[in-house]
Every structure is written in C-alpha cells, then in structure tokens.
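Here's the letter readout for the chains.
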Amino acid sequence: MSAVREGLPEGRYGRSADERADRKLKIIGAALGVLLLSVIGWIGWGYISGQSVSAEVIKFQVISDTEVKVHLEVRKEASVTGVCSLSSQDEGHGEVGRADFTFAQPEGRVDEVVTVKTTRRATTIELVGCQPVAAR
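Notes on the structure in this doc start here. (Residues numbered from 1 in each chain as written. Predicted model: local features only at pLDDT ≥ 70, side-chain atom pairs only at ≥ 80, totals over all residues. Heavy atoms only, no water.)

What follows concerns the overall build of the chain. Within the chain, the regular secondary structure consists of 1 helix and 6 strands. Secondary structure of the chain in N-to-C order comes out as α-β-β-β-β-β-β. In the chain, 60% of the contacts between residues at least 6 apart in sequence involve partners at least 24 apart. With the model as given, the accessible surface of the chain reaches about 10200 Å², and the carbon-plus-sulfur share is 56%. (Helix = DSSP H or I, 4+ residues; strand = E, 2+ residues; numbered from the N terminus. Contact = heavy atoms within 4.5 Å. Areas by Shrake-Rupley, 256 points an atom, 1.4 Å probe, with all protein chains shown as cover.)

So this is what it looks like as structure tokens:
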C-alpha cells in the first residue's frame, strides 16, 4: 500500500537558496555591465567632442626623392585655426620628412593639397595629429 505524505516535497516548489543567489549574481552582473558601457560611452563622447580639429589623409603621391604631395581633408570649427603635423617614412620605416601645416580658413571643412619635403624617397605618409592654435 502507498503511504500518504503530509507536506510538499523539499525543494520541489519555490526557489532554492542557490537559485536566489544565481538571480542576485545576474542582477549585479547586468548592473555592472550597464555601468561599464556608460563609462566607455562617456569617455568616447569626451574624446570626440574634445577634438575641435581633426584631419584625414585622402591620398598622397610621391613626386620625387625630395617631395611628396598630400591631399588632406581637415574638419574644424569655422572660427578655429588648426595645425596638422605630417610625417613621411622610407622603406625601412625611418622618418625622412616632417611638416606642420596651418589651416586658418573660415570654413568647417578644408580640402587642401600640401607638399612635404623629404631627405630621401618616401614610401608612406602618416598624419601625426591636429590641434587648435592657442589664442594669443
């Protein structure tokens, strides 16, 4: 014959202590994940909005052993004067030329072809960086 139980089986209904702990860990992990994404977004926004002058090398052409022409696109606020630095390297990745170019045009986007003088034949051009000129 079968015996009749008075109570419900242990752990069959409701959550066990392990399940409650797992749920708490999931909530804490989700909160930390949201916090991390917020910090990364804040840092990224600060970096992007903090740059008032930026540029991009569209193309370059080695003209001779002592000269490279570079098509540069500069983005800046119209009221800001910016300076961009370019560096040229040879086959062995040694620097053979460096030049700074000032962009004072009252436009937000400037497309210009500039010339970098070199000591030997260059094989590549690198945009080192751009920054606003300090007000005097």
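Continuing now.
This brings us to the nonpolar core. Counting residues in each nonpolar core, the largest one holds 18 residues, and the members touching the most others are V74 and L86. Where this core is concerned, the elements lending two or more residues are β1 (53-64), β2 (67-76), β3 (82-89), β4 (95-103) and β5 (109-117). (Core = buried A, V, L, I, M, F, W, Y, C linked by side-chain atoms within 4.5 Å. Buried < 20%, exposed > 50% of the residue type's maximum accessible area, 1.4 Å probe, protein only.)

If you walk across this open sheet you meet the 3 strands as β4-β3-β6, and the pairing is antiparallel. The open sheet has two edge strands, β4 and β6 (124-132), and neither has a second partner. For this sheet, the mean angle separating the axes of adjacent strands, direction not counted, is 20°. The pairing of β3 with β6 spans 8 bridges and is classified as antiparallel. (Pairing = 2+ DSSP bridges. Axes fitted to C-alpha atoms, helices over the stretch in contact; angles between N-to-C directions.)

Below, the discussion takes up the state of the cysteines. By definition, a disulfide links the sulfur atoms of two cysteine residues through a covalent bond. Applying the stated rule across the entire model yields 1 disulfide. C84 shares a disulfide with C130; S-S distance 2.1 Å. Residues C84 and C130 share a disulfide whose torsion about the S-S bond is about 110°; that sign makes it right-handed. Remark: C130 occurs in strand β6 and C84 occurs in strand β3; sequence separation between them is 46 residues. Look at C84 and you get buried, because its relative accessible area is 0%. Take C130: its relative accessible area is 21%, and that puts it in the partly exposed class. (Disulfide = S-S within 2.5 Å.)

In this structure the tally under the stated criterion is 7 salt bridges. Across the salt bridge formed by R109 and E73, the nearest N and O atoms sit 3.0 Å from each other. Taken together, the residues span a long stretch of sequence, with R109 in strand β5 and E73 in strand β2 at a distance of 36 residues. Residue R109 is classed as partly exposed on the basis of its relative accessible area, which comes to 48%. Take E73: its relative accessible area is 13%, and that puts it in the buried class. Measuring nitrogen to oxygen at the nearest pair gives 3.0 Å for the salt bridge that ties E95 to R98. (Salt bridge = Lys/Arg side-chain N within 4 Å of Asp/Glu carboxyl O.)

As a further point, take the sheet that holds β1. Strand order in this open sheet of 3 strands is β1-β2-β5, and the pairing throughout is antiparallel. Of all strands in the sheet, those with a lone pairing partner are β1 and β5, marking the two edges. Along the sheet, successive strands turn relative to each other by an average axial angle of 20°, direction set aside. As paired elements, β1 and β2 share 10 bridges and run antiparallel to each other. Among the inter-strand pairings, E56 is bridged to a residue of β2, identified as E73.

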